[in-house]
Amino acid sequence: IYPLMKRITWWPQLFLGITFNWGAIMGWTAATGEISYHCIILYIGCIFWIIAYDTYYALCDLEDDKKLSLNSSAIFFGNDTQKAVILFSMSSIKIIKSVLS
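Residues numbered from 1 in each chain as written. Predicted model: local features only at pLDDT ≥ 70, side-chain atom pairs only at ≥ 80, totals over all residues. Heavy atoms only, no water.

Draft legend 1. Inspection of the packing of helix H4 (residues 37-58) against helix H7 (residues 81-100) at higher detail. Contact pair H4 / H7: the axes reach a minimum separation of 8 Å and the direction vectors enclose 155°. The angle between H4 and H7 falls in the class roughly antiparallel. The hand of the H4/H7 crossing is left-handed. In this structure, H4 contributes His38, Ile41, Leu42, Ile44, Gly45, Cys46, Phe48, Trp49, Ile51, Ala52, Thr55 and Tyr56 to the contact, and H7 contributes Thr81, Val85, Phe88, Ser89, Ser91, Ser92, Ile95, Ile96, Ser98 and Val99. Its residues placed into classes, the contact of H4 with H7 shows 14 nonpolar, eight polar and no charged. (Axes fitted to C-alpha atoms, helices over the stretch in contact; angles between N-to-C directions. Helix = DSSP H or I, 4+ residues; strand = E, 2+ residues; numbered from the N terminus. Parallel < 35°, antiparallel > 145°, perpendicular 65-115°, else oblique. Left-handed = near helix turned anticlockwise from the far one by under 90°. Contact = heavy atoms within 4.5 Å. Nonpolar A, V, L, I, M, F, W, Y, C, P; charged D, E, K, R; others polar.)

Draft legend 2. Focus on H4. If you check H4, its first and last C-alpha atoms are 31 Å apart, about what 22 residues at 1.5 Å a residue would give, namely 32 Å. Looking only at H4, the buried set comprises Cys39, Leu42, Tyr43, Gly45, Cys46, Ile47, Ile50, Ile51, Ala52, Asp54, Thr55 and Ala58. Check the buried side of H4 and you find it contacts helix H1 (2-8), helix H2 (12-20), helix H3 (22-32), helix H5 (62-67), helix H6 (73-77) and H7. (Expected span 1.5 Å × (residues − 1). Buried < 20%, exposed > 50% of the residue type's maximum accessible area, 1.4 Å probe, protein only.)

Draft legend 3. Quick peek at the packing of aromatic side chains. The full count for this structure, using the stated rule, is eight aromatic pairs. On the basis of an interplanar angle of 85° and a centroid distance of 5.4 Å, the ring pair of Trp11 and Phe77 is categorised as edge-to-face. With Trp11 in the loop between H1 and H2 and Phe77 in helix H6, this residue pair connects regions lying 66 residues apart in the sequence. The class of Trp11 is partly exposed, set by a relative accessible area of 24%. A network of ring pairs unites the aromatic residues Trp10, Trp11, Phe48, Phe76, Phe77 and Phe88 as a single cluster. (Phe/Tyr/Trp six-rings, centres within 6.5 Å; stacked < 30°, edge-to-face > 60°.)

Right, here's the structure in full:
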């Protein structure tokens, strides 16, 4: 779904996070036998982490994506990409830490 989303939205990293982190919900449910709000919060924190690291990673393909008319959060944020990566990283750490404490 990620390659398709690069053609539809500026947020393919969001869809990557939703897909990759489905395992957090599956693992939590398998271990505890239930879905709780802790599980959902963990899932959201992991999505933020994927957005952060894949936005940073998207900087490597920035010029190629622009030439191919593909979208990414790195293109969307432009000169503020570093700030966005820091914001998503710190948010994910805070969210995940809240579940673990």
